[in-house]
Amino acid sequence: MNCRACLFLLLTTFPFLVKAQTPGSMDAAQIKQGLESLNVTGSVLYIAAHPDDENTRLLAYLAKGKKVRAGYLSLTRGDGGQNLIGTEQADLLGVVRTQELLAARRVDGAEQFFTRANDFGFSKTSEECLKIWGHQKILGDVVWVIRNFKPDVMVTRFPEDARAGHGAHAASAILAREAFAAAADPKQFPEQLKFVKPWQAKRIVWNTFNFGGNNTTSDEQLKLDVGIFNPLIGESYGEIAAESRSNHKSQGFGSAKQRGPSIEFFSPIAGTAAVKDLFEGIDFSLNRSAATATVQKLVKEINEEFQVSNPSKSITKLLRLKAATKGIDFKKELLDQLILSCAGIWLETSVPSSTYALNDSIPVSIQAISRLKADAPYKVVLEVPDARKRLDLLPEQLASYSISVPARALGSTQPYWLRKKHPIGSYDLESLDDLGRPQNLPPSLGKLRISINDTVIDLNQPLIYKFTDPARGEIYQPLVVGPPITATINEGAYVFNNNEQKVITVSLKSLKANASGVLTATVPEGWQVSPQQVAVKFDEKSEEKTTEFKVTPGGVVSRGTFSLSIKVDGIDYNKGYHQISYAHIPVQTLFPFAEARVEKVDLKFAGKRIGYIAGAGDLVPESLREIGYEVTMLNTNLVLHSDLSRFDAIITGVRLYNINEQVAAMQPRLMEYVKSGGTLLVQYNVNSPLKTNNLGPYPFKLSRDRVTEENAVVSFLHPENSILNFPNKISAKDFEGWVQERAIYSANELDPRYTPLLSMNDVSEQPQTGSLLVADYGRGKYIYTGLVFYRELPAGVPGAYRLIVNLISSGQSK
């Protein structure tokens, strides 16, 4: 097999090898599950558009029940979605959702793949998606995954029409059908054939569904009960699926465990149609090929003779099986893992610090132990080829060896799809060797070799950092390699009021001791920055400092980029430092480009004091502070018991009414605040579930309507309304340059006392008027908006700032 395809399979073929912190970590039940898997060939590939689109129940059944290779190809990483657990958006959210998918796969046992497609947000048509992604490019990516994975059956989650509910969903079905044929055609994407061969799956089917008020199942469709109980695991596939799906925490998909029968339905798309069984006509046994048929008797013996209380009894025949399968297509990585687990061999390569600079030398500790009994007829040796070192692994004796590796040989651990700037539709990869992988290949020493008698097992053991937490015990984290000094700009965008000077604070961090360099700032033409250069020096590793730059707009350029570079030992670096930490995924450390958007805007203000009640998570408070507002974060106690009249306006964070259990108790107090002369601005909420149905002083409902075209024409329904005139005159120009979308979950069925202010629609759709509405209530104003300020303000969109200032100031216009 060629090197490129080998690298692809190394990371994806057996997911527990990717997730495992150390070899030999399988318990007896997992070993037995793995031994039974040796009897099975074949694979099934599930295809959809986003993280959380996959059917975890079916994947768990396939991987742990049928014991075939099961894979999920998500076309995107979910970058354009919403975030219920934090403030990450766009690329950062894509990193979170990638890791959530990998966490899900660690539970259900399937493998994970991606294309280069970038989730640019909700789309209403497959045509728009395919155009923005690049139809042929992403089709080629799907074909690449198919030719590598070699599925016997392909399954789509969605249909190709409007029933899919999302343009990206429908596009995933179209690409799956097209790739089913294209992967088998040597004339399609022939450049791939240097590395892989054409592949024809037996059939492709649509896994129909009954959710979201849309029942696409029928009794005539092919059926499969996947609710079966697995006694080795101690759970049904419905229970496993719920645990898997609950890893999609950023999307709020915590799921209840299901027990008992669970029927999946399938409708044929192409290929040989199945009549009674999804897998009919496919031999998943070792008889599938003459080569594997020769070892079927031996695999059967190993399974029959396996002893739960003494797995080492299986070693001799497992070693025979490894010799017998040399040179043939077999589950070799799984077999190696089973041998090591039965022998109780533990191996770890760890480093003493979590982070290293590219110009560092990294000390590595190699530790290994064999838990075989002293009278076991096996000689176990660990070999470190690059160091020409051999260690005898004596029974129950920990062996250790130390070595150093240059960090630059490992390379930066920045996620491979974020190493280069990318357009809206797809990632730009440095190397197509990465295509399809869920994440980087982990840094490693290269091959380590374990010999058991005359049998050699080669391992690419990941380098990890571990520490002991007083509360949680031993914690493992990925090794991080990056620039020797990082320069992080504290905001992603800065808005300047005309030519007023602004101070930009930069956080500096050293990834190694005794690091020094020169930091240089660049601003748009005609703008001024002081100082332009700063000398920086660090004595300690992980030391942090801040420095400031005074930036003054000027000239004719009103927008551009503030960027930083730092020269260290003659090499220029231009990266910041950003860490994402959640309990359900590994810590993610990124090195984003050290730059921020800068924009000169004509802003007028009325009122400066804001109370902000956080919702699911957004960066609106930081954005408002950036333009000079005094923002006080309010909790339930402060809302109920403090003086709210001190605020010129109170703003509720996105989805507050969906996630805050106390919002029903707060609502009367907020209405009292409005009635007494305050301004309450409620940002979008989804229509279900709501913690209270009384979002405003008068009745209205929330729809699922949205305007997804960020350049959709906006009309003013009441151009004379003060919100559109004070203190800033709002015009069509203020809706230029918006990102991703206009509005989501707009209001409808309005009480006549509400005044809708804007009308907008996507192409070929009816106008929507519920994106911004206002009502007088007592002496104050109530405002509901589905406009996506939570996206536009952090992106530095000038018109969004001017409009939200007017909303905040509406109580001052009397």
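Scope of this entry: the structure provided in the associated data block.

### Considering the sheet that holds strand β28 (residues 544–552)
Note: strands within a sheet are paired through backbone hydrogen bonds, in either parallel or antiparallel orientation. Pairing is antiparallel across the open sheet formed by 4 strands, whose spatial order is β22-β24-β28-β26. The open sheet has two edge strands with one neighbour each: β22 (485–489) and β26 (528–530). Going across the sheet, the axis of each strand differs from the next one's by a mean of 30 degrees, ignoring polarity. Summarising the sheet, β26 and β28 pair through 3 bridges and their orientation is antiparallel. Bridge pairing links Ser530 to Lys550 in β28.

### What about helix α12 (residues 315–324)?
Three or four residues apart is the spacing at which side chains of an α-helix point the same way, because the helix has 3.6 residues per turn. The set of residues buried in α12 consists of Ile315, Leu318, Leu319, Leu321 and Lys322. Within α12, the buried residues cover an arc of 155 degrees as seen down the axis, which keeps them to one side. Close packing links the buried residues of α12 with α3 (28–37), α11 (296–305), α13 (332–342), β18 (444–452) and β19 (455–469).

### A short note on the nonpolar core
Ranked by internal contacts, the top residues of the largest apolar core, which has 80 residues, are Leu38, Phe562 and Leu564. Among the elements that line this core, the one with the most residues is α13, at 6 residues. In this view, Leu564 contacts Ala487, Ile489, Val506, Leu519, Thr520, Ala521, Phe549, Tyr573, Asn574 and Ala594; residues no more than four positions away in its chain are not counted. Core analysis: the second largest hydrophobic core is formed by 73 residues, Phe647, Ile651, Leu681 and Tyr698 among them.

### Digging into the packing of aromatic side chains
Applying the stated rule across the entire model yields 25 aromatic pairs. Their ring planes at 25 degrees and their centres at 5.3 Å tell us that Phe735 and Trp738 sit as a pair that is stacked. Taken individually, Phe735 and Trp738 each receive the classification buried, so the pair is uniform in this respect. Their ring planes at 55 degrees and their centres at 6.4 Å tell us that Trp738 and Phe789 sit as a pair that is tilted. Here Trp738 is found in the loop between β40 (714–716) and β41 (743–744), whereas its partner Phe789 is found in helix α19 (residues 789–792), with 51 residues between them in sequence. For the pair Trp738 and Phe789, a shared accessibility class is recorded, and that class is buried. Put simply, the rings of Tyr698, Phe700, Tyr754, Tyr777, Tyr782 and Tyr784 pair up and form one aromatic cluster. Its end group placed over the ring of Phe253, Arg245 keeps NZ or CZ at 4.5 Å from the ring centre.

### Quick word on the environment of Ala179
The topology assignment puts Ala179 in helix α8 (residues 167–182). Through-space distance from the C-alpha of Ala179 to that of Gly560 is 41 Å; in sequence the pair is 381 residues apart. Each residue touching Ala179, except ones within four places of it in the same chain, is listed here: Leu139, Val142, Val143 and Ile146.

### So, the pairing of strand β29 (residues 559–568)
Examined bridge by bridge, strand β25 (residues 515–522) and β29 share 5 bridges and lie antiparallel to one another. Across the sheet, the residue bridging to Val518 is Lys567, located in β29. Pairing of β29 with strand β33 (residues 595–601) involves 5 bridges; the strand directions are antiparallel. By the bridge assignment for β33, Gly560 is matched with Val598. Sheet topology note: the β29/strand β30 (residues 571–573) ladder contains 3 bridges and is antiparallel. Residue Ile566 lies in a different strand from β30, and its bridge partner there is Tyr573. A loop of 2 residues connects β29 with β30, the two strands running antiparallel in sequence, and Asp569 in this loop sits at a positive phi of about 50 degrees.

### Details of the environment of Leu347
Structurally, Leu347 is set in strand β12 (residues 345–351). Separated by 88 residues in sequence, Leu347 and Arg259 have C-alpha atoms that sit 38 Å apart.

### Comments concerning the pattern of salt bridges
Summed over all chains, the structure comprises 43 salt bridges. For the salt bridge of Glu111 with Arg69, the shortest nitrogen-to-oxygen distance reads 3.0 Å. Within this pair, whereas Glu111 is found in strand β3 (residues 111–114), its partner Arg69 is found in strand β2 (residues 69–74), the two being separated by 42 residues in sequence. You can call Arg69 buried: its relative accessible area is 16%. With its nearest N and O atoms 3.9 Å apart, the salt bridge here joins Glu736 to Lys733.

Parameters at a glance
- Residues numbered from 1 in each chain as written.
- Predicted model: local features only at pLDDT ≥ 70, side-chain atom pairs only at ≥ 80, totals over all residues.
- Heavy atoms only, no water.
- Pairing = 2+ DSSP bridges.
- Helix = DSSP H or I, 4+ residues; strand = E, 2+ residues; numbered from the N terminus.
- Axes fitted to C-alpha atoms, helices over the stretch in contact; angles between N-to-C directions.
- Buried < 20%, exposed > 50% of the residue type's maximum accessible area, 1.4 Å probe, protein only.
- Arc of directions from axis to C-beta.
- Contact = heavy atoms within 4.5 Å.
- Core = buried A, V, L, I, M, F, W, Y, C linked by side-chain atoms within 4.5 Å.
- Phe/Tyr/Trp six-rings, centres within 6.5 Å; stacked < 30°, edge-to-face > 60°.
- Lys NZ or Arg CZ within 6 Å of the ring centre and 35° of its normal.
- Salt bridge = Lys/Arg side-chain N within 4 Å of Asp/Glu carboxyl O.

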